[in-house]
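# Architecture and fold: a report
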Amino acid sequence: MERTFRINCIKGFIIVMMVNPFFAFAQSNADKSAAWLVEADTLMGRQDYTGALALYNKVIEKSKLVSDEDFKVLYKRAFCYYSLARFDDALRDVNQYLQKVPDDQAKLLRAYINQELGDFEAQLADLNEFIAGNPGNPDLLRWRASVFMESERYAEAEKDIRVLLNYQPGPELKAYLGLTYYYRSNADSALTIFEEVMAEDPEYGQTYLYATSLALEEEAYDLALQYVNKGLSLDPANLTLLFYKGIALVEKDETDAGCRCLTKAFAGGMDDASDYLKAYCYGVD
């Protein structure tokens, strides 16, 4: 998920909270906290998180966080911190809020914060709780699978992906299943899955990149060229595939053809090609 999408999702939850009667009841014009709160909510609705944060700070300072309603402002401030990429501050506020008012919206925000902080275990703790209550939710399973992949827990990612494929079959997920074997150095199983994806969805180009990369690692250069040529037939301008083709060719001692591919890839912006050009094409160590 892109970060903008995540912010919009959480914003939806916060809007729901804003219609709570506590935030809607009339206050005297003399009540500064109420005026600050209304203005802060308005600024946050306009995505002016810096302005909203300054006002939420005033409200919290004045309230001293006595009631549950006061803590709801703390939650809004956590969202402002999150939106401003002040993730440590956001985590502090949301944890304090959850100690007083445990709810799923705040746990969702905390999971997103921990994602930004790279705390896989804390993120998984909240995700596991969500999934326990919603065991068939494909969005949650996909999220957890991505965390398992990022944290190199590939066997656990495989389990979630296999469940997901029952709900959302498609080439992207199945290719990710292949990656769980790839990253566990099970080349045969990975290639079997990649080839199944190619047969079922030949237009899904990412599979050719995965399969070519694996074949190169296995020094199976003829096989790599088979995959890369199929991929290039779909996307002739793909610089990564062109780079891979150059590698395979120079490793097969087809240096002139390989150097032409590497030169095109480098000229197109594939900086990684420079080392191969120096080693194989320019005679520079």
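Provided above is the structure to which this section pertains.
Counting restarts for each chain: residues are numbered from 1 in the order of the written sequence. Two thresholds apply to this predicted model, a pLDDT of at least 70 for residue-level local features and 80 or more for giving and counting side-chain atom pairs, whereas whole-chain, interface and lining totals are computed over all residues. Side-chain measures were taken over the full set of non-hydrogen atoms in the model, leaving aside hydrogen atoms and water.

## What about the packing of aromatic side chains?
The cut-off we apply is this: The aromatic pairing rule takes the rings of Phe, Tyr and Trp, using the six-membered ring of Trp, and pairs them if the centres are within 6.5 Å, calling planes under 30 degrees apart stacked, those over 60 edge-to-face and the rest tilted. Every helix listed is a DSSP run of H or I at least four residues long, and every strand listed is a run of E at least two residues long, numbered separately from the N terminus. Accessible area is worked out with a 1.4 Å probe on protein chains only. A residue is then buried under 20% of its type maximum, exposed over 50%, and partly exposed in between.
As enumerated under the stated definition, the model contains 10 aromatic pairs in all. Taking 4.6 Å as the distance between ring centres and 15° as the angle between the ring planes, the aromatic pair formed by Tyr112 and Trp143 counts as stacked. Residue Tyr112 is found in helix α7 (residues 104-117), and its partner Trp143 is found in helix α9 (residues 138-150); the two are separated by 31 residues along the sequence. Exposure class is identical for Tyr112 and Trp143. Each is buried. Considering the side-chain rings of Phe194 and Tyr210, the 5.8 Å spacing of their centres and the 35° angle between planes classify their relative orientation as tilted. Of this pair, Phe194 sits in helix α12 (residues 187-200) while Tyr210 sits in helix α13 (residues 206-217), and the two are 16 residues apart along the sequence.

## Re the pattern of salt bridges
If the charged atoms of two oppositely charged side chains come close together, the side chains can form a pair. So the rule is basically this: Any Lys or Arg side-chain nitrogen found within 4 Å of a carboxyl oxygen on Asp or Glu counts as a salt bridge.
Taken as a whole and assessed by the stated rule, the structure comprises 16 salt bridges. Of the charged contacts, one joins Arg77 and Asp93 as a salt bridge, the two residues approaching to 2.6 Å between their closest N and O atoms. Here Arg77, found in helix α5 (residues 68-83), pairs with Asp93, found in helix α6 (residues 87-100); they are 16 residues apart in sequence, far enough to count as distant. For the pair Arg77 and Asp93, one class covers both residues: buried.

## As for the nonpolar core
Definition in use: Buried residues of nine kinds, namely Ala, Val, Leu, Ile, Met, Phe, Trp, Tyr and Cys, make up a nonpolar core once their side-chain atoms join them within 4.5 Å. Residue contacts are defined here by distance: any two heavy atoms, one from each residue, within 4.5 Å place the two residues in contact.
In this structure, Val94 and Phe194 are the most contacted members of the largest nonpolar core, which totals 90 residues. Among the elements that line this core, the one with the most residues is α5, at nine residues. Residues within four places of Val94 in sequence aside, it is in contact with Tyr75, Ala78, Ala106, Leu109, Arg110 and Ile113.

## A word on the state of the cysteines
Basically, it comes down to this: We call a pair of cysteine sulfur atoms a disulfide whenever their separation is within 2.5 Å.
Following the criterion strictly, the structure yields one disulfide and no others. The disulfide that involves Cys259 links it to Cys281, with 1.9 Å between the sulfurs. What sets the handedness of the Cys259 and Cys281 disulfide is the S-S torsion sign, and at about -100° it is left-handed. One end of the pair, Cys259, is in helix α16 (residues 255-267); the other, Cys281, is in helix α17 (residues 273-281), and 22 residues separate them in sequence. Of the residues examined, Cys259 reaches a relative accessible area of 12% and is grouped as buried. Using a relative accessible area of 24% as the deciding quantity, one classes Cys281 as partly exposed. The thiol of Cys261 is unpaired, and the distance to the nearest cysteine sulfur, on Cys259, comes to 9.4 Å. Residue classification places Cys261 among the buried residues on the basis of a relative accessible area of 11%.

## Looking at unusual backbone geometry
Here Ala85, not a glycine, exhibits a phi torsion of approximately 65°, which is positive. On the secondary structure map, Ala85 appears in the loop between α5 and α6. When its relative accessible area of 44% is taken as the criterion, Ala85 is described as partly exposed. Phi at Asp253 is positive, roughly 65°, even though this residue is not glycine. Examined against the element boundaries, Asp253 turns out to sit in the loop between α15 (239-251) and α16.

## Some thoughts on a negative patch on the surface
Cut-off, in case you're wondering: Like-charged residues are merged into a patch within 9 Å and nonpolar side chains (Val, Leu, Ile, Met, Phe, Trp, Tyr) within 5 Å, provided each residue has over 30% relative accessible area and no salt bridge. Residue exposure ignores everything except the shown protein chains as possible cover, and the areas themselves are Shrake-Rupley values with a 1.4 Å probe. Counting rule applied: Lys, Arg positive; Asp, Glu negative; His and chain ends not counted. Note that the charge is assigned to NZ on lysines, CZ on arginines, CG on aspartates and CD on glutamates.
On the surface, Asp188, Glu217, Glu218 and Glu219 cluster together to form a negatively charged patch. Along the chain, Glu218 falls in the loop between α13 and α14 (221-234).

## Describing α7
We apply this condition: Take the number of residues in a helix, subtract one, and multiply by 1.5 Å to get its expected span. Each polar contact in these results corresponds to two N or O atoms within 3.5 Å; when the atoms are within protein, one needs to be able to donate a hydrogen and the other to accept it, and residues that are neighboring in sequence are counted only if both atoms are side-chain atoms.
Along its 14 residues, α7 runs 20 Å from first to last C-alpha, staying within 8% of the 20 Å computed at 1.5 Å per residue. Looking at α7, one finds that the buried residues are Ala106, Lys107, Leu108, Leu109, Arg110, Ala111, Tyr112, Ile113 and Asn114. Residue Asp103 occupies the N-cap position of α7, its side-chain oxygen lying 3.1 Å from the main-chain nitrogen of Gln105.

## A few points about α13
For α13, with 12 residues, the first-to-last C-alpha span of 17 Å sits near the 16 Å given by 1.5 Å per residue. Of all the 12 residues making up α13, 10 are buried; the element is thus mostly covered by neighbouring parts of the structure. Taken together, the buried positions of α13 are occupied by Thr207, Tyr208, Leu209, Tyr210, Ala211, Thr212, Ser213, Leu214, Ala215 and Leu216. Residues of α13 that are buried sit in contact with α11 (171-182), α12, α14 and α15. Looking one or two places after α13, you find Glu219, whose phi comes out positive at around 60°.

## What about the environment of Ser185?
On the secondary structure map, Ser185 appears in the loop between α11 and α12. Expressed as a C-alpha distance, the spacing of Ser185 and Leu214, which sit 29 residues apart in the sequence, is 9.4 Å.

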